[in-house]
Amino acid sequence: MAGCYNSALFLLSRRRVRNDRAPHAERLYVFLLACLNEEKVLAESLARITSLPVGSFLALVIDDASEDRTAEIARAADPDRVKLLQRHLPDARRGKGAALNAGIRHLRESGILDGRDPSDVIVCVVDADGRLDPHIVQAVDPFFDDPRTGATQVGVRMYNRHQGLLARLQDMEFVIYGDIFQSARRYFGSVGMGGNGQFMRLSALDTLSDGSGKGPWSDSLTEDLDLGVRLIARGWTNHHCTTAAVSQQAVLDVRRLVRQRSRWFQGHLQSARLVPLILREVPTRAAIDLLYHLSSPVLILLTSLLPLSFAVAAGGVVAGSVEAGRPLMSPMWFIGPYVLSFTAAYAYGWVYSRRERGLGLVRAVLLSHVFVVYGYIWFAAGWWGLWRMLTGKQTWLKTART
């Protein structure tokens, strides 16, 4: 079933999307950066944002009670373009969603948005290590000509992808997810948000507020996934932009990578609470895809048992062959698993080679074989995330920067 689904998404992702421009008022772009001890990467990200060739924009750094020079770096940036909101304990450090909600409240209370139509204000969430393509606003802006557009997610790359195999595989992971899965989901109406490089119309965010004053983001560990689903349920259209990207820092340590993915996995488990909303409010085609997407944690945990069962079966065959004096292994023991496991690697390699032209198709296909094995880190992250959830751990597992 998964193979058929992935093949269908690959074929759909090859279709092109046209964006014809329509007259519109000048839009204000507001970049939100939720920061917790980000002195190592923040300055470069702010420099990229303040150099964007955009007429009307600003960046709001939300310092979530950092203990380093995060606030100092924000103050040292262009004061006309960069604003600072400092949060303090005990209100701070309650998760990325809470920090972003505080940022939206600050924008309204400070008067920065006075006189602005919420439909013409585009809020972009950027991680502190996020480096936006110079043309990113020009690439995203046409999607918001359609008044039904609630959000647009851009591609994600790793700017340090040349620093070893682990970084390269993370870059491949995000390219494949964006260029195949997200691109295809445009036709289902189920495009998700990625937490970095997600652009949202302020009027769309306003429809997610529940009147309690908390704001549009939830307290989920994957608040981006949660927000994307709820936008669709409110009747908004989410898009995926393939012509621009935000680059972030790849994790260079396996343990830190599994730690990061365990948080994502736990957030996906939390998103099971969205199922009733999807069943009630989301159109059928998008609902089916979203439900399948939300079931991925269960599928990962079940799939993680397959290598163990294969090893047990292989051990039984070897023992029986030795006892009976037969050849130890049939070639089908290798051909079958290879076909099941690595057929997709050829499609992944082709897609990645089109983004990373200098790599070459053959090297990209070989790398994609390693990528299939790399995917097994989700097994460790999945069981870790499940354990965290069962033991009631809900903290924001921040990814350490270098």
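Residues numbered from 1 in each chain as written. Predicted model: local features only at pLDDT ≥ 70, side-chain atom pairs only at ≥ 80, totals over all residues. Heavy atoms only, no water.

As annotated in an unreviewed UniProt entry, the protein chain carries the name Glycosyl transferase family 2 and is attributed to Kitasatospora aureofaciens. Per UniProt, the protein chain has the following entry under Sequence similarities (unreviewed entry): "Belongs to the glycosyltransferase 2 family." (UniProt positions renumbered as here; feature names shortened; annotations may be inferred.)

Draft legend 1. Summary view of the overall build of the protein chain. Along the protein chain, the regular secondary structure elements total 16 helices and eight strands. Excluding contacts between residues fewer than 6 apart, the proportion of contacts in the protein chain whose partners are at least 24 apart in sequence is 79%. (Helix = DSSP H or I, 4+ residues; strand = E, 2+ residues; numbered from the N terminus. Contact = heavy atoms within 4.5 Å.)

Draft legend 2. Focus on the nonpolar core. The biggest cluster of nonpolar side chains holds 68 residues, and the ones touching the most others in it are Phe-31, Leu-33, Ile-136 and Phe-199. Considering every element that reaches this core, the biggest residue donor is helix 6 (residues 165–185), with ten residues. With residues up to four places along the chain from it excluded, the contact list for Phe-199 reads Tyr-29, Phe-31, Ile-122, Val-123, Cys-124, Ile-136, Val-140, Phe-144, Gly-150, Ala-151, Thr-152 and Val-154. Core analysis: the second largest hydrophobic core is formed by 29 residues, Leu-100, Ile-104, Val-121 and Val-125 among them. (Core = buried A, V, L, I, M, F, W, Y, C linked by side-chain atoms within 4.5 Å. Buried < 20%, exposed > 50% of the residue type's maximum accessible area, 1.4 Å probe, protein only.)

Draft legend 3. Geometry of the side chain of Ser-271. By the secondary structure assignment, Ser-271 is in the loop between helix 9 (254–270) and helix 10 (275–281). Excluding residues within four positions of it along the chain, Ser-271 makes contact with Ser-220, Thr-222, Leu-225 and Leu-294.

Draft legend 4. Region of interest: the packing of helix 11 (residues 284–294) against helix 12 (residues 296–303). One way to put it is that helix 11 packs onto helix 12 with a least axis distance of 5 Å and a crossing angle of 40 degrees. Viewed along their axes, helix 11 and helix 12 adopt a mutual orientation that is oblique. Two secondary-structure elements touch here, helix 11 through Tyr-292, His-293 and Leu-294 and helix 12 through Ser-296, Pro-297 and Leu-299. Grouping the amino acids of the contact of helix 11 with helix 12 by side-chain chemistry returns four nonpolar, two polar and no charged. (Axes fitted to C-alpha atoms, helices over the stretch in contact; angles between N-to-C directions. Parallel < 35°, antiparallel > 145°, perpendicular 65-115°, else oblique. Nonpolar A, V, L, I, M, F, W, Y, C, P; charged D, E, K, R; others polar.)

Draft legend 5. Looking closely at the sheet that holds strand 6 (residues 149–158). In space, the eight strands of this open sheet follow the order 3-2-1-4-7-6-8-5, with mixed pairing throughout. Unpaired on one side and paired on the other, strand 3 (82–87) and strand 5 (131–132) mark the two borders of the sheet. Where strand 1 (residues 28–35) and strand 2 (residues 57–64) come together, seven bridges link them in parallel fashion. Its bridge partner lying in strand 2, Leu-33 is registered against Val-61. Set on the sheet, helix 6 makes contact with strand 6 and strand 8 (237–248); between it and strand 6 the angle comes to about 150 degrees. (Pairing = 2+ DSSP bridges.)

Draft legend 6. Region of the structure containing helix 2 (residues 42–50). Among all positions of helix 2, only Leu-42, Ser-45, Leu-46 and Ile-49 are buried. Along the axis of helix 2, the buried residues cluster in a sector spanning 95 degrees; they form a single face. Buried residues along helix 2 sit against strand 1, strand 2, helix 3 (70–76), strand 3 and strand 5. (Arc of directions from axis to C-beta.)

Draft legend 7. Fine view of a positive patch on the surface. A cluster of basic residues, Arg-14, Arg-16, Arg-354 and Arg-357, forms a positive patch on the protein surface. Position of Arg-354 among the secondary structure elements: in helix 14 (residues 332–355). (Patch = residues over 30% accessible without salt bridge, like charges linked within 9 Å, V, L, I, M, F, W, Y side chains within 5 Å. Areas by Shrake-Rupley, 256 points an atom, 1.4 Å probe, with all protein chains shown as cover. Salt bridge = Lys/Arg side-chain N within 4 Å of Asp/Glu carboxyl O. Lys, Arg positive; Asp, Glu negative; His and termini not counted. Charge placed at Lys NZ, Arg CZ, Asp CG, Glu CD.)

Draft legend 8. A look at the UniProt feature "transmembrane region" (unreviewed entry) in the protein chain. When the UniProt feature table is mapped onto this chain numbering, "transmembrane region" (unreviewed entry) sits at residues 298–320, 332–352 and 364–386. Helix makes up 91% of residues 364–386 and strand makes up 0%, while its end C-alpha atoms are separated by 33 Å.

Draft legend 9. Layout of the pairing of strand 7 (residues 198–201). Across the two faces of strand 7 the burial is the same, with Gln-198 and Met-200 and Phe-199 and Arg-201 all buried. When strand 4 (residues 121–125) meets strand 7, the two strands line up antiparallel, connected through four bridges. Across the sheet, the residue bridging to Cys-124 is Phe-199, located in strand 7. Where strand 6 lies against strand 7, three bridges are found, and the strand directions are antiparallel.

Draft legend 10. Up close: the packing of helix 12 against helix 16 (residues 377–390). At their nearest, the axes of helix 12 and helix 16 sit 9 Å apart, and the two run at 115 degrees to each other. Both helix 12 and helix 16 take part in a crossing whose hand is left-handed. Here Ile-300, Leu-301 and Thr-303 of helix 12 come into contact with helix 16, specifically with Trp-378, Phe-379, Gly-382, Trp-383 and Leu-386. Among the residues making up the contact of helix 12 with helix 16, the classes are represented as six nonpolar, two polar and no charged. (Left-handed = near helix turned anticlockwise from the far one by under 90°.)

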